[in-house]
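Report on the structure
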Amino acid sequence: MFTSRKLSITQDKPVFYVRYIGKIETFISHGEGATRVPVQKLWDAAAEERHLAQVSLTVSPSGLVMADIEHKGEMDFDIQNITYCSPEGKVNPRIFSWICQDPKTKKLQCYACLCSSKEKAQALALVLTRAFQIAYRDWKKMHDRSARLHVQEKGVGSKKTSEVVNRPNQNGDSLRRQSAEACNSEDLVPTAV
């Protein structure tokens with residue numbers, strides 16, 4: 001009844017082959033409809049599909065790399081500079097667009113590419129959204145780890161003496177206030193009676 005399939009999971013970054021429509025300055029960084037007007041302007045000014053440059057978009061947790069297949073040029077978009085992405089279904093369901101802040105000028109640019117199908121545009125948006133989630137998770141882990149190290153360097157958890165406050169809480173346990181030398185906060189730590 002059931003057949004077993006072997007699925008190989010690789011570390012390869014997803015690559016999408018699309019046609020580059022162009023970029024235009026925008027003033028809205030994110031939100032539903034943020035790319036609609038800029039993409040409409042790009043689409044209205046675009047050449048026929050066969051005359052658009054063929055590019056590959058490689059997605060990773062570090063960002064997006066757009067490589068021109070014919071001219072061998074590359075543009076890197078760091079994940080922290082990408083503010084929004086979406087398939088632009090209102091203009092053309094095959095268009096995938098993203099907004100990126102230029103790290104030098106701090107201006108927002110809207111980029112648009114034409115995918116081979118509506119499903120590929122949606123898949124590209126989902127993959128980049130997942131890359132955002134992975135990048136945020138990794139950043140959060142690193143941030144939490146550095147915060148813990150910073151707190152440890154300040155002396156939290158050292159074996160300095162603590163004053164005990166013999167005041168029972170709701171459970172009948174006494175509360176121990178850590179000394180100011182051991183902790184900068186006024187946290188109350190429950191201890192058994």
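Structural data are supplied above this passage.
Figured I'd write up the structure that's included with this text. Bear in mind the structure is a predicted one, so any value in this text is a computation, not a measurement.

What counts and what doesn't
- Residues numbered from 1 in each chain as written.
- Predicted model: local features only at pLDDT ≥ 70, side-chain atom pairs only at ≥ 80, totals over all residues.
- Heavy atoms only, no water.
- Helix = DSSP H or I, 4+ residues; strand = E, 2+ residues; numbered from the N terminus.
- Buried < 20%, exposed > 50% of the residue type's maximum accessible area, 1.4 Å probe, protein only.
- Contact = heavy atoms within 4.5 Å.
- Areas by Shrake-Rupley, 256 points an atom, 1.4 Å probe, with all protein chains shown as cover.
- Phe/Tyr/Trp six-rings, centres within 6.5 Å; stacked < 30°, edge-to-face > 60°.
- Polar contact = N/O pair within 3.5 Å; in protein donor to acceptor, adjacent residues only side chain to side chain.

Time to look at the overall build of the protein. From N to C terminus, the protein includes two helices and 10 strands. Mapped from its N terminus to its C terminus, the protein presents α and β elements in the order β-α-β-β-β-β-β-β-α-β-β-β. Put simply, the protein has 193 residues, and 32% of those count as buried. Intrachain contacts of the protein at a sequence separation of at least 6 include 51% that bridge at least 24 residues. Total accessible area computed for the protein in this model is approximately 13400 Å², and 52% of it derives from carbon and sulfur atoms.

Unlike most non-glycine residues, Lys106 shows phi in positive territory, near 65 degrees. Residue position: Lys106 is located in the loop between strand E6 (95–101) and strand E7 (108–114).

Attention shifts here to the side chain of Asn92. By secondary structure assignment, the location of Asn92 is in the loop between strand E5 (82–87) and E6. On the basis of relative accessibility, which here comes to 13%, the residue Asn92 falls in the buried class.

Glancing now at the packing of aromatic side chains. Within this structure, the stated rule accounts for five aromatic pairs. Look at Phe77 and Trp98: their rings are 5.4 Å apart centre to centre, the planes differ by 80 degrees, and that puts the pair in the edge-to-face class. Remark: Trp98 occurs in strand E6 and Phe77 occurs in strand E4 (residues 74–78); sequence separation between them is 21 residues. Each member of the pair, Phe77 as well as Trp98, is classed as buried. Ring geometry for Trp98 and Tyr111: centres 5.3 Å apart, planes at 10 degrees, overall stacked. Separated by 13 residues along the polypeptide, Trp98 in strand E6 and Tyr111 in strand E7 bring together distant segments of the chain. The same class applies to Trp98 and to Tyr111, which are both buried.

Within the secondary structure, Thr35 sits in the loop between strand E1 (15–26) and helix H1 (36–45). For Thr35, a relative accessible area of 1% puts it in the buried group. Of note is the side chain of Thr35, whose polar atom sits 3.3 Å from the side chain of Ser97. Those residues within four positions of Thr35 in sequence are excluded, and the remaining contacts are Tyr84, Ser86, Glu88, Ser97, Ile99 and Cys110.

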